[in-house]
Amino acid sequence: MQYWNPTYECMHREEMTRVQTARLIDTVKRVYHNVPYYREKMQKAGIEPGDINSLEDLKKLPFTYKQDLRDTYPYGLFAAPLSEIVRIHASSGTTGKQTVVGYTRKDIDTWAEVAARTLVSAGADRNSFIQVAYGYGLFTGGLGIHYGAERLGASVIPISGGNTKRQIQIMKDFGTTVLACTPSYALYMAEEMEEMGIKKEDLKLKAGVFGAEPWSENMRKEIEERFGILAIDIYGLSEVIGPGVATECPCKCGLHIQEDHFIPEIIDPVTEEVLPEGSKGELVFTTVTKEGLPLLRYRTRDISSLTYEKCECGRTSVRMSKVSGRSDDMLIIRGVNVFPSQVESVLLEFGETAPHYLMIVDRIDNLDVLEIWVEVNQAMFSDQVKRIEDVENKIRKAIEVTLGINAKVKLVEPKTIERNEGKAKRVIDKRKI
Ligand code: DLL
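Residues numbered from 1 in each chain as written. Predicted model: local features only at pLDDT ≥ 70, side-chain atom pairs only at ≥ 80, totals over all residues. Heavy atoms only, no water.

Quick look at the packing of aromatic side chains
No. 1: For the structure shown, the criterion picks out 7 aromatic pairs.
No. 2: Considering the side-chain rings of Tyr103 and Trp111, the 4.7 Å spacing of their centres and the 10° angle between planes classify their relative orientation as stacked. Comparing Tyr103 with Trp111, the two get one shared label, buried.
No. 3: Over the ring of Trp215 we find Arg220, and its NZ or CZ is 5.7 Å from the ring centre.
No. 4: Of note, Arg297 hangs over the ring of Phe63, and the distance from its end group to the ring centre comes to 4.1 Å. (Phe/Tyr/Trp six-rings, centres within 6.5 Å; stacked < 30°, edge-to-face > 60°. Buried < 20%, exposed > 50% of the residue type's maximum accessible area, 1.4 Å probe, protein only. Lys NZ or Arg CZ within 6 Å of the ring centre and 35° of its normal.)

Description of the packing of helix H2 (residues 13-34) against helix H3 (residues 36-44)
No. 1: At a minimum axis separation of 5 Å, H2 and H3 run at an interaxial angle of 105°. If you check the angle between H2 and H3, you find them roughly perpendicular. Packed against H2, whose contacting residues are Val28, Val31, Tyr32, His33 and Asn34, the element H3 presents Pro36, Tyr38, Arg39, Met42 and Gln43 at the interface.
No. 2: A per-class count over the contact of H2 with H3 returns 6 nonpolar, 3 polar and 1 charged. (Axes fitted to C-alpha atoms, helices over the stretch in contact; angles between N-to-C directions. Helix = DSSP H or I, 4+ residues; strand = E, 2+ residues; numbered from the N terminus. Parallel < 35°, antiparallel > 145°, perpendicular 65-115°, else oblique. Contact = heavy atoms within 4.5 Å. Nonpolar A, V, L, I, M, F, W, Y, C, P; charged D, E, K, R; others polar.)

Here's the deal with the site of the ligand
No. 1: Around the ligand there are 21 residues in total, and Asp233, Ile234, Ser238, Asp302 and Lys423 lie nearest to it.
No. 2: In isolation the ligand has 610 Å² of accessible area, and contact with the protein removes 93% of it.
No. 3: Residue assignment for the shell around the ligand shows that the elements contributing at least two residues are helix H6 (140-152) and strand E7 (230-237).
No. 4: Top element by residues in the shell around the ligand is E7. It accounts for 5 residues.
No. 5: When grouped by side-chain class, the residues that make up the shell around the ligand number 9 nonpolar, 6 polar and 6 charged. (Near = heavy atom within 4 Å. Areas by Shrake-Rupley, 256 points an atom, 1.4 Å probe, with all protein chains shown as cover.)

Concerning the side chain of Thr72
No. 1: Along the chain, Thr72 falls in the loop between helix H4 (66-71) and strand E1 (85-91).
No. 2: Judged by its relative accessible area of 11%, Thr72 is buried.
No. 3: In this structure the side chain of Thr72 is engaged in a polar contact, spanning 2.8 Å, whose partner is the backbone oxygen of Asp68.
No. 4: Not counting residues within four places of it along the chain, the set of residues in contact with Thr72 comprises Tyr37 and Leu77. (Polar contact = N/O pair within 3.5 Å; in protein donor to acceptor, adjacent residues only side chain to side chain.)

So this is what it looks like as structure tokens:
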């Protein structure tokens, strides 16, 4: 088993607690003294930096919400002078203002370190050819993985997203061994590859680091089979740093959080109460080494759980379970909570369907209706109407059993649903609520 930084990745719990505590105390002082917005928040909560002396004290601190970043747009939460900020990124978000994040030189260094750990845990080393097909630009995916790959000493192919045919040709010609992109884009590439007549045996690809959106175990299986690779789930968010916050190892049993930099908690999204190990809830992160934009108890809205059990790979870091959805992506359809990822899991149980789907929610005569478009392969689509209806019915029943809702299922021709080189769009909500 390879590690990039075994000192931290395999650290004893007591030692990790010591490291985290010292760093937490520093961070709290930093934000209190450098960020008026945080000072006010802490004063309102009746706490001072001196009240934070252990990890137990973490829960005394106020939460930070995406709205806080919007209210202080663009630089109001930065804790370093703007002259020390060497990079700005922003996350697009579908509503409201962009969320702007800033990095000092040390933050960029930390980011390269955690991104390098991510790549090594997928098996990459200095001999790897890493094709970075995450978007470069304000999105953190491209440059985040890029710096990690360079830190590793691997050969970086900074192709960014898009131009899929060229992407595949390059993968073949340049001997790419590690692919980095969203899982939905990886599947799109697999389709294009088939059309181009390129087989997985023609590639040198060994592994992929896929993230930036939720994806199911079935989707992993599909990607692994179609490319003949190990597909690793990587997690991160711009506000915390970007890709590199957490990563799976080849055991695929949860994502190791780089907890010497980011302390996680799981809370009940409604009561905001901290939940015990193993409970499902919303992930919250406190960054403890960042200078540009340190965040106290940032509410990610991502649903996960934590385990402190030692992993077979030898890493001792806490693991988060695969993100199963977002507390704000959750749809409420006729009172039932539905996550797109649940629908995806059901669909992928059916061999005839492709992992491309779209959920269209509407409200007709005051009643929520859900229609699910599912792509099928060409052979299936050219089949008899009766067989198509059979499959539609089978899926409808499976959705009803698993999710407890009635949905209209419509099988559609291959390539009907729009492909995206970045994060996939799975839901159209036409309800005006
Ligand atoms: O998506 C950073 C990233 C880039 C992560 C490349 C991994 C790979 P944002 O654009 O700020 O940052 O979006 C963050 O994306 O809160 C999650 O909801 C979602 N997300 C990221 N990784 C995963 C994952 C980047 N592995 C938001 N599984 C997060 C599920 C993920 N959701």
